[in-house]
Amino acid sequence: MDGTRRAGGWRPDVLGGDWVARDLDLPDGAVATLVRRETEPGGDRPAVLYVHGFIDYFFQTHVAEAVEARGYRFYALDLRGYGRSIGKGSGAPSRPDDDPNFVTDLAVYAQDLDAAARAVRAEGHERLVVLGHSTGGLVASLWADARPGRLAALVLNSPWFELNKPWVYRGPVTWVVDVVGRVAPRLVVGGLDPHWAQALHSSTGGEWDFDLAWKPLEGFPVRAGFLRTVRRAHARVARGLHVDCPVLVLASARSGPATGWHPELLTTDSVLDVGHITSRAARLGDDVTVVSVEGGAHDLALSPEPARSTYLREVLDWLDARV
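- An unreviewed UniProt entry annotates the protein chain as Alpha/beta hydrolase of Cellulosimicrobium composti.

**Considering unusual backbone geometry**
Part 1: Of note, the amide linkage connecting E305 to P306 takes the cis form, showing an omega dihedral of 10°.
Part 2: Not every positive phi belongs to a glycine, and I55 is a case in point at roughly 50°.
Part 3: Mapped onto the elements of the fold, I55 is located in the loop between β4 (47–51) and α1 (61–69).
Part 4: Of the residues examined, I55 reaches a relative accessible area of 5% and is grouped as buried.

**Observations concerning a nonpolar patch on the surface**
Part 1: Together, W167, V168, Y169, V173 and W175 make up a nonpolar patch on the protein surface, roughly 540 Å² of accessible area in all.
Part 2: Looking at the secondary structure, you find Y169 in helix α4 (residues 167–183).

**Looking at the confidence of the model for the protein chain**
Part 1: Mean pLDDT over the protein chain: 94, with 94% of residues reaching 70 or higher.
Part 2: Taken as a whole, residues 92–97 scores under 50 in pLDDT and shows 21 contacts with residues more than four places along the chain or in a different chain.

**Remarks on the environment of V173**
Part 1: By secondary structure assignment, the location of V173 is in helix α4.
Part 2: On the basis of relative accessible area, V173 is assigned to the partly exposed category, the value being 31%.
Part 3: When the C-alpha atoms of V173 and E65 are compared, they prove to be 42 Å apart, with 108 residues separating the residues in sequence.

Calculation notes
Residues numbered from 1 in each chain as written. Predicted model: local features only at pLDDT ≥ 70, side-chain atom pairs only at ≥ 80, totals over all residues. Heavy atoms only, no water. Helix = DSSP H or I, 4+ residues; strand = E, 2+ residues; numbered from the N terminus. Buried < 20%, exposed > 50% of the residue type's maximum accessible area, 1.4 Å probe, protein only. Patch = residues over 30% accessible without salt bridge, like charges linked within 9 Å, V, L, I, M, F, W, Y side chains within 5 Å. Areas by Shrake-Rupley, 256 points an atom, 1.4 Å probe, with all protein chains shown as cover. Salt bridge = Lys/Arg side-chain N within 4 Å of Asp/Glu carboxyl O. pLDDT = per-residue confidence, 0-100. Contact = heavy atoms within 4.5 Å.

Shown next as C-alpha coordinates:
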(Lines give C-alpha, C1' and ligand atoms only; values in the text may rest on other atoms or scores of the structure.)
Protein backbone atom coordinates (compact mmCIF):
# COMPACT_ATOMS: atom_id res chain seq x y z
CA MET A 1 0.00 0.00 0.00
CA ASP A 2 1.21 3.49 -0.76
CA GLY A 3 1.87 5.06 2.63
CA THR A 4 1.96 8.66 1.35
CA ARG A 5 0.61 11.08 3.94
CA ARG A 6 -2.19 13.40 2.92
CA ALA A 7 -3.62 16.58 4.43
CA GLY A 8 -4.64 16.17 8.06
CA GLY A 9 -2.52 13.06 8.51
CA TRP A 10 -4.69 10.88 6.26
CA ARG A 11 -3.03 8.08 4.28
CA PRO A 12 -4.31 5.45 1.83
CA ASP A 13 -6.03 2.65 3.73
CA VAL A 14 -5.71 -1.13 3.37
CA LEU A 15 -9.24 -1.18 1.92
CA GLY A 16 -7.91 0.51 -1.21
CA GLY A 17 -9.88 2.73 -3.56
CA ASP A 18 -10.85 6.03 -1.98
CA TRP A 19 -10.50 4.77 1.60
CA VAL A 20 -8.09 6.65 3.86
CA ALA A 21 -6.98 6.29 7.49
CA ARG A 22 -5.24 8.38 10.12
CA ASP A 23 -3.70 7.67 13.50
CA LEU A 24 -5.19 9.22 16.61
CA ASP A 25 -2.53 9.71 19.28
CA LEU A 26 -4.10 9.20 22.71
CA PRO A 27 -3.14 10.84 26.03
CA ASP A 28 -1.71 7.64 27.56
CA GLY A 29 0.56 6.88 24.58
CA ALA A 30 -1.76 4.43 22.84
CA VAL A 31 -2.97 4.89 19.24
CA ALA A 32 -6.40 4.39 17.67
CA THR A 33 -7.17 4.62 13.95
CA LEU A 34 -9.90 6.56 12.17
CA VAL A 35 -11.07 5.47 8.70
CA ARG A 36 -13.24 7.15 6.08
CA ARG A 37 -13.71 7.61 2.36
CA GLU A 38 -12.29 10.64 0.62
CA THR A 39 -15.59 11.39 -1.08
CA GLU A 40 -18.11 13.27 1.01
CA PRO A 41 -21.91 13.19 0.64
CA GLY A 42 -23.74 16.48 0.40
CA GLY A 43 -26.21 17.80 2.96
CA ASP A 44 -26.04 18.62 6.64
CA ARG A 45 -26.94 15.28 8.18
CA PRO A 46 -24.89 14.02 11.15
CA ALA A 47 -21.75 11.98 10.82
CA VAL A 48 -21.96 8.29 11.77
CA LEU A 49 -19.03 6.78 13.68
CA TYR A 50 -18.79 2.97 13.64
CA VAL A 51 -17.21 1.07 16.56
CA HIS A 52 -16.41 -2.63 16.03
CA GLY A 53 -16.66 -5.58 18.41
CA PHE A 54 -14.16 -7.92 20.09
CA ILE A 55 -11.71 -9.71 17.73
CA ASP A 56 -12.85 -7.36 14.99
CA TYR A 57 -12.02 -4.23 13.01
CA PHE A 58 -13.73 -2.18 10.31
CA PHE A 59 -14.01 -3.89 6.93
CA GLN A 60 -17.78 -3.68 6.30
CA THR A 61 -17.59 -1.18 3.45
CA HIS A 62 -21.17 -1.93 2.35
CA VAL A 63 -22.38 -0.36 5.60
CA ALA A 64 -20.51 2.84 4.77
CA GLU A 65 -21.94 2.86 1.26
CA ALA A 66 -25.51 2.48 2.54
CA VAL A 67 -25.03 5.18 5.20
CA GLU A 68 -23.49 7.67 2.77
CA ALA A 69 -26.15 6.95 0.13
CA ARG A 70 -28.61 8.47 2.63
CA GLY A 71 -26.48 11.59 3.01
CA TYR A 72 -24.69 10.80 6.27
CA ARG A 73 -20.90 11.04 6.51
CA PHE A 74 -19.39 7.71 7.61
CA TYR A 75 -16.34 7.16 9.79
CA ALA A 76 -15.05 4.00 11.47
CA LEU A 77 -12.80 3.65 14.49
CA ASP A 78 -10.34 0.83 15.10
CA LEU A 79 -9.83 1.01 18.86
CA ARG A 80 -6.37 0.74 20.44
CA GLY A 81 -5.01 -2.77 20.05
CA TYR A 82 -7.50 -3.69 17.31
CA GLY A 83 -7.10 -4.01 13.56
CA ARG A 84 -5.14 -1.14 12.09
CA SER A 85 -4.10 -0.04 15.59
CA ILE A 86 -2.39 -3.30 16.58
CA GLY A 87 1.29 -2.76 17.38
CA LYS A 88 1.02 1.02 17.54
CA GLY A 89 1.68 3.24 20.53
CA SER A 90 3.37 2.51 23.81
CA GLY A 91 0.72 3.39 26.33
CA ALA A 92 -0.41 1.20 29.20
CA PRO A 93 -2.74 -0.50 29.86
CA SER A 94 -3.36 -1.69 26.31
CA ARG A 95 0.15 -3.09 25.58
CA PRO A 96 -0.77 -3.41 21.87
CA ASP A 97 2.62 -4.95 21.11
CA ASP A 98 1.89 -7.88 23.44
CA ASP A 99 -1.82 -8.57 23.63
CA PRO A 100 -4.14 -7.56 20.77
CA ASN A 101 -7.64 -6.52 21.89
CA PHE A 102 -6.57 -6.44 25.56
CA VAL A 103 -7.30 -3.79 28.20
CA THR A 104 -7.91 -4.09 31.91
CA ASP A 105 -10.37 -1.19 31.99
CA LEU A 106 -12.97 -0.46 29.30
CA ALA A 107 -12.96 3.16 30.49
CA VAL A 108 -9.71 3.77 28.58
CA TYR A 109 -11.70 3.52 25.34
CA ALA A 110 -13.30 6.85 26.27
CA GLN A 111 -10.00 8.39 25.15
CA ASP A 112 -10.34 6.66 21.77
CA LEU A 113 -13.91 7.86 21.30
CA ASP A 114 -13.13 11.36 22.53
CA ALA A 115 -10.28 11.62 20.01
CA ALA A 116 -12.44 10.30 17.18
CA ALA A 117 -15.28 12.70 18.03
CA ARG A 118 -12.84 15.64 18.02
CA ALA A 119 -11.41 14.58 14.66
CA VAL A 120 -14.88 14.24 13.13
CA ARG A 121 -15.94 17.59 14.53
CA ALA A 122 -12.76 19.20 13.16
CA GLU A 123 -13.88 18.13 9.69
CA GLY A 124 -17.04 20.18 10.08
CA HIS A 125 -19.51 17.66 11.49
CA GLU A 126 -21.04 19.06 14.66
CA ARG A 127 -23.66 16.33 15.09
CA LEU A 128 -22.56 12.76 15.68
CA VAL A 129 -24.23 9.35 15.72
CA VAL A 130 -22.32 6.37 17.12
CA LEU A 131 -23.04 2.90 15.71
CA GLY A 132 -21.57 0.19 17.95
CA HIS A 133 -21.46 -3.55 17.39
CA SER A 134 -21.22 -6.17 20.19
CA THR A 135 -18.38 -5.10 22.55
CA GLY A 136 -18.33 -1.81 20.65
CA GLY A 137 -21.98 -1.41 21.58
CA LEU A 138 -21.14 -1.87 25.25
CA VAL A 139 -18.24 0.60 25.02
CA ALA A 140 -20.36 3.14 23.12
CA SER A 141 -23.20 2.88 25.66
CA LEU A 142 -20.87 3.59 28.58
CA TRP A 143 -19.29 6.49 26.67
CA ALA A 144 -22.66 8.00 25.76
CA ASP A 145 -23.74 7.74 29.40
CA ALA A 146 -20.56 9.54 30.51
CA ARG A 147 -20.77 12.24 27.82
CA PRO A 148 -24.26 13.79 28.03
CA GLY A 149 -25.12 16.11 25.18
CA ARG A 150 -22.41 14.68 22.93
CA LEU A 151 -24.51 12.50 20.60
CA ALA A 152 -27.44 13.04 18.27
CA ALA A 153 -28.27 9.32 18.53
CA LEU A 154 -26.82 5.96 19.55
CA VAL A 155 -27.36 2.83 17.43
CA LEU A 156 -26.42 -0.60 18.75
CA ASN A 157 -26.00 -3.71 16.62
CA SER A 158 -26.23 -6.80 18.88
CA PRO A 159 -24.58 -5.08 21.87
CA TRP A 160 -22.81 -7.28 24.44
CA PHE A 161 -24.76 -6.58 27.62
CA GLU A 162 -24.45 -9.94 29.39
CA LEU A 163 -22.34 -13.08 29.39
CA ASN A 164 -23.96 -15.78 27.26
CA LYS A 165 -23.28 -18.53 29.75
CA PRO A 166 -25.22 -20.50 32.38
CA TRP A 167 -25.88 -18.90 35.77
CA VAL A 168 -22.81 -20.43 37.39
CA TYR A 169 -20.59 -18.39 35.01
CA ARG A 170 -22.63 -15.22 35.42
CA GLY A 171 -22.53 -15.59 39.22
CA PRO A 172 -19.81 -17.54 41.06
CA VAL A 173 -17.32 -17.69 38.17
CA THR A 174 -17.67 -13.94 37.66
CA TRP A 175 -16.84 -13.37 41.33
CA VAL A 176 -13.69 -15.48 40.94
CA VAL A 177 -12.68 -13.65 37.74
CA ASP A 178 -13.10 -10.34 39.55
CA VAL A 179 -10.36 -11.37 41.96
CA VAL A 180 -8.12 -13.20 39.47
CA GLY A 181 -8.40 -10.41 36.91
CA ARG A 182 -7.01 -7.94 39.41
CA VAL A 183 -3.98 -10.01 40.47
CA ALA A 184 -3.26 -11.88 37.20
CA PRO A 185 -4.83 -9.78 34.44
CA ARG A 186 -3.08 -11.56 31.57
CA LEU A 187 -4.10 -15.04 32.63
CA VAL A 188 -5.97 -16.72 29.75
CA VAL A 189 -9.42 -17.76 30.96
CA GLY A 190 -11.12 -18.67 27.69
CA GLY A 191 -11.61 -17.98 24.02
CA LEU A 192 -14.32 -17.61 21.41
CA ASP A 193 -15.77 -20.52 19.48
CA PRO A 194 -14.20 -20.44 15.96
CA HIS A 195 -17.27 -21.59 14.05
CA TRP A 196 -18.85 -18.11 13.80
CA ALA A 197 -15.75 -16.63 12.13
CA GLN A 198 -15.38 -19.70 9.93
CA ALA A 199 -18.96 -19.28 8.71
CA LEU A 200 -18.10 -15.71 7.69
CA HIS A 201 -14.70 -15.98 6.00
CA SER A 202 -14.28 -16.70 2.30
CA SER A 203 -11.49 -19.24 2.95
CA THR A 204 -13.91 -21.46 4.86
CA GLY A 205 -16.97 -21.04 2.68
CA GLY A 206 -18.23 -17.66 3.86
CA GLU A 207 -19.00 -14.43 2.04
CA TRP A 208 -16.46 -12.07 3.63
CA ASP A 209 -12.73 -11.56 3.02
CA PHE A 210 -11.35 -9.98 6.19
CA ASP A 211 -7.74 -9.89 7.40
CA LEU A 212 -7.03 -13.03 9.42
CA ALA A 213 -4.15 -11.34 11.25
CA TRP A 214 -6.59 -8.82 12.69
CA LYS A 215 -9.65 -11.07 12.95
CA PRO A 216 -8.28 -14.64 13.21
CA LEU A 217 -10.69 -17.54 12.89
CA GLU A 218 -9.52 -18.93 16.23
CA GLY A 219 -9.73 -15.48 17.82
CA PHE A 220 -7.44 -13.99 20.44
CA PRO A 221 -7.28 -15.30 24.02
CA VAL A 222 -9.80 -13.96 26.51
CA ARG A 223 -7.73 -12.78 29.48
CA ALA A 224 -8.84 -12.40 33.07
CA GLY A 225 -8.31 -8.64 33.24
CA PHE A 226 -10.38 -8.06 30.13
CA LEU A 227 -13.21 -10.32 31.27
CA ARG A 228 -13.18 -8.64 34.68
CA THR A 229 -13.72 -5.17 33.22
CA VAL A 230 -16.37 -6.45 30.80
CA ARG A 231 -18.32 -8.08 33.64
CA ARG A 232 -18.13 -4.87 35.65
CA ALA A 233 -19.47 -2.99 32.63
CA HIS A 234 -22.29 -5.51 32.29
CA ALA A 235 -23.20 -4.82 35.91
CA ARG A 236 -23.30 -1.09 35.22
CA VAL A 237 -25.75 -1.60 32.37
CA ALA A 238 -27.85 -3.89 34.56
CA ARG A 239 -28.08 -1.14 37.20
CA GLY A 240 -29.22 1.30 34.52
CA LEU A 241 -27.58 4.02 32.44
CA HIS A 242 -28.86 7.50 31.58
CA VAL A 243 -28.08 7.92 27.88
CA ASP A 244 -29.71 11.25 27.01
CA CYS A 245 -30.09 10.81 23.24
CA PRO A 246 -32.43 8.52 21.26
CA VAL A 247 -31.17 4.93 21.23
CA LEU A 248 -31.89 2.20 18.67
CA VAL A 249 -31.03 -1.38 19.66
CA LEU A 250 -31.17 -4.08 16.98
CA ALA A 251 -30.73 -7.82 17.43
CA SER A 252 -31.51 -11.04 15.63
CA ALA A 253 -34.98 -12.42 16.18
CA ARG A 254 -33.54 -15.65 17.61
CA SER A 255 -30.52 -16.97 19.47
CA GLY A 256 -28.62 -20.04 18.32
CA PRO A 257 -26.14 -22.34 20.08
CA ALA A 258 -22.99 -20.39 21.00
CA THR A 259 -20.62 -23.33 20.52
CA GLY A 260 -20.08 -25.76 17.66
CA TRP A 261 -21.23 -25.72 14.08
CA HIS A 262 -24.95 -25.67 13.27
CA PRO A 263 -26.88 -24.79 10.11
CA GLU A 264 -28.26 -21.51 11.49
CA LEU A 265 -24.96 -19.88 12.44
CA LEU A 266 -25.64 -17.02 10.01
CA THR A 267 -29.38 -16.65 10.58
CA THR A 268 -29.41 -16.49 14.40
CA ASP A 269 -27.27 -14.74 16.97
CA SER A 270 -24.92 -17.61 17.80
CA VAL A 271 -22.62 -15.48 19.95
CA LEU A 272 -24.94 -13.65 22.36
CA ASP A 273 -28.33 -14.30 23.93
CA VAL A 274 -30.97 -12.14 22.25
CA GLY A 275 -33.04 -12.12 25.44
CA HIS A 276 -30.16 -10.50 27.33
CA ILE A 277 -29.86 -7.80 24.66
CA THR A 278 -33.53 -6.88 24.56
CA SER A 279 -34.07 -6.96 28.33
CA ARG A 280 -31.04 -4.78 29.08
CA ALA A 281 -31.87 -2.34 26.28
CA ALA A 282 -34.65 -0.82 28.38
CA ARG A 283 -32.07 0.16 31.02
CA LEU A 284 -30.04 2.41 28.71
CA GLY A 285 -32.19 5.51 28.97
CA ASP A 286 -35.65 7.01 28.55
CA ASP A 287 -35.84 6.90 24.73
CA VAL A 288 -34.99 3.40 23.51
CA THR A 289 -36.35 1.59 20.45
CA VAL A 290 -35.76 -2.15 20.05
CA VAL A 291 -35.95 -3.87 16.66
CA SER A 292 -35.71 -7.61 15.94
CA VAL A 293 -34.30 -8.68 12.59
CA GLU A 294 -35.60 -12.01 11.34
CA GLY A 295 -32.79 -14.16 9.96
CA GLY A 296 -30.11 -11.88 11.37
CA ALA A 297 -26.61 -13.03 12.35
CA HIS A 298 -24.70 -11.82 15.41
CA ASP A 299 -23.22 -8.99 13.33
CA LEU A 300 -26.42 -7.97 11.59
CA ALA A 301 -24.40 -6.19 8.90
CA LEU A 302 -22.90 -9.55 7.89
CA SER A 303 -26.22 -11.41 7.78
CA PRO A 304 -27.24 -13.12 4.55
CA GLU A 305 -29.87 -11.37 2.50
CA PRO A 306 -32.60 -10.30 3.03
CA ALA A 307 -31.75 -9.76 6.71
CA ARG A 308 -28.71 -7.60 5.86
CA SER A 309 -30.74 -5.11 3.86
CA THR A 310 -33.53 -5.19 6.47
CA TYR A 311 -31.02 -4.25 9.16
CA LEU A 312 -29.56 -1.36 7.18
CA ARG A 313 -33.00 -0.08 6.21
CA GLU A 314 -34.19 -0.18 9.84
CA VAL A 315 -31.14 1.79 10.97
CA LEU A 316 -31.34 4.41 8.26
CA ASP A 317 -35.12 4.87 8.39
CA TRP A 318 -34.88 5.36 12.14
CA LEU A 319 -32.06 7.89 11.75
CA ASP A 320 -34.03 9.77 9.11
CA ALA A 321 -37.00 9.96 11.47
CA ARG A 322 -35.13 10.80 14.68
CA VAL A 323 -32.11 12.94 13.78
